[in-house]
Amino acid sequence: MMAFEYLIVFLALLLCSIMAMIRVIRGPTAPDRIVGLDTINTIVIVLMVVFGAAFNEVIYIDVAIVYALLSFISTLFIAKYLEGGEF
Amino acid sequence: MFEIIIYILLGVGVFFNLLAGIGLLRFPDVYTRLHAGTKCTTFGSIFLVGSVVLLGLKNWWIGDTNGSVLAIHSIVALAAILITNPTGAHAIARAAHRSGVKPIGAVVDDLKNMTVAKTMKKKSAVKKKSEAEK
């Protein structure tokens, strides 16, 4: 097991998602918050894939695939809502 | 040998993801933040998932059958990221422009006629014209 190196990777990705979370909290407009949310989604997907490699479990990577598709649909829906007009 | 390449790929991916976080905090504008937050995470995730694929192939080479499943599913996850991430960024930028957010320091706005109110007006005018023709 290569545990320590993966711990560093997890902490760095956690730092990235915390920075994106700061942008979500204090973003001046609504699209800023959506950009932060989209970044957090991508970072969580990558985190799950690296999790699966670190613990040698495949189920985390399956969860990452489903999470990627669902977060894409949610991002599209929020953008369409923000745009206004007809669906 | 394999482990050194895996460590280099992990380092490059984490570096680009950190750049994405810093750019998301420091840039002044929605569009520049989108530039940092989407492209850098896509490029970094290519390297991170690539390291996982390499680890799975190494395990498979040693004789662990779990490694091949790890590599193939990681490639599918990477394909999902690569298809969905730029599409979502495009949708967010389009929505931001149509909801009236202007770029900071912009002089010329080529898409000025594409705001929501005008397109709605145009749509209603077209609808009225078609109804009058009927």
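This structure is a prediction, so every number in the text was calculated from the model and none was measured.

A. Geometry of empty space enclosed by the protein. Tallied over the entire structure, the rule returns one cavity of 30 Å³ or more. When its volume is computed, the largest cavity comes out at roughly 100 Å³. Lining the largest cavity are Asp-38, Asn-41, Thr-42, Ile-45, Ala-68, Ser-71, Phe-72 and Thr-75 of chain A together with Ile-81, Thr-84, Asn-85 and Gly-88 of chain B. Where the lining of the largest cavity is concerned, the elements lending two or more residues are helix H2 (30-55) and helix H3 (59-83) of chain A together with helix H3 (66-98) of chain B. Taken together, the residues that form the lining of the largest cavity break down as four nonpolar, seven polar and one charged.

B. Structural detail: the interface of chain A and chain B. Facing the 45 residues of chain A at the interface are 49 residues of chain B. When the two sides are added together, the surface that chain A and chain B hide from each other amounts to roughly 4,000 Å², 74% of it contributed by carbon and sulfur. Applying the counting rule to chain A against chain B returns three salt bridges. Linking Arg-98 of chain B and Glu-83 of chain A is a salt bridge whose minimum nitrogen-to-oxygen distance equals 3.1 Å.

C. Representation of H3 of chain B. Between its first and last C-alpha, H3 of chain B extends 48 Å over 33 residues, near the 48 Å set by a 1.5 Å rise per residue. Positive backbone phi, approximately 100°, marks Gly-100 of chain B, located one or two places after H3 of chain B.

D. Region of the structure containing the packing of aromatic side chains. As enumerated under the stated definition, the model contains six aromatic pairs over all chains in all. Between Phe-51 of chain A and Phe-55 of chain A, the ring centres sit 5.3 Å apart and the planes meet at 55°, which makes this aromatic pair tilted. Of this pair, Phe-51 of chain A and Phe-55 of chain A both sit in helix H2, four residues apart, which is roughly one turn of the helix. Relative to Phe-16 of chain B, the ring of Phe-15 of chain B has its centre 5.6 Å away and its plane inclined at 75°; by these criteria the two rings are edge-to-face.

Reading the values: rules and limits
- Residues numbered from 1 in each chain as written.
- Chains lettered and ligands numbered in written order.
- Predicted model: local features only at pLDDT ≥ 70, side-chain atom pairs only at ≥ 80, totals over all residues.
- Heavy atoms only, no water.
- 1 Å grid on protein atoms, 1.4 Å probe; cavity = no way out; pocket = protein on both sides within 12 Å on 5 of 7 lines; lining within 4 Å.
- Points joined across faces, edges and corners; volume = space filled by probe spheres on them.
- Helix = DSSP H or I, 4+ residues; strand = E, 2+ residues; numbered from the N terminus.
- Nonpolar A, V, L, I, M, F, W, Y, C, P; charged D, E, K, R; others polar.
- Contact = heavy atoms within 4.5 Å.
- Buried area = accessible area lost by both parts, 1.4 Å probe.
- Salt bridge = Lys/Arg side-chain N within 4 Å of Asp/Glu carboxyl O.
- Expected span 1.5 Å × (residues − 1).
- Phe/Tyr/Trp six-rings, centres within 6.5 Å; stacked < 30°, edge-to-face > 60°.

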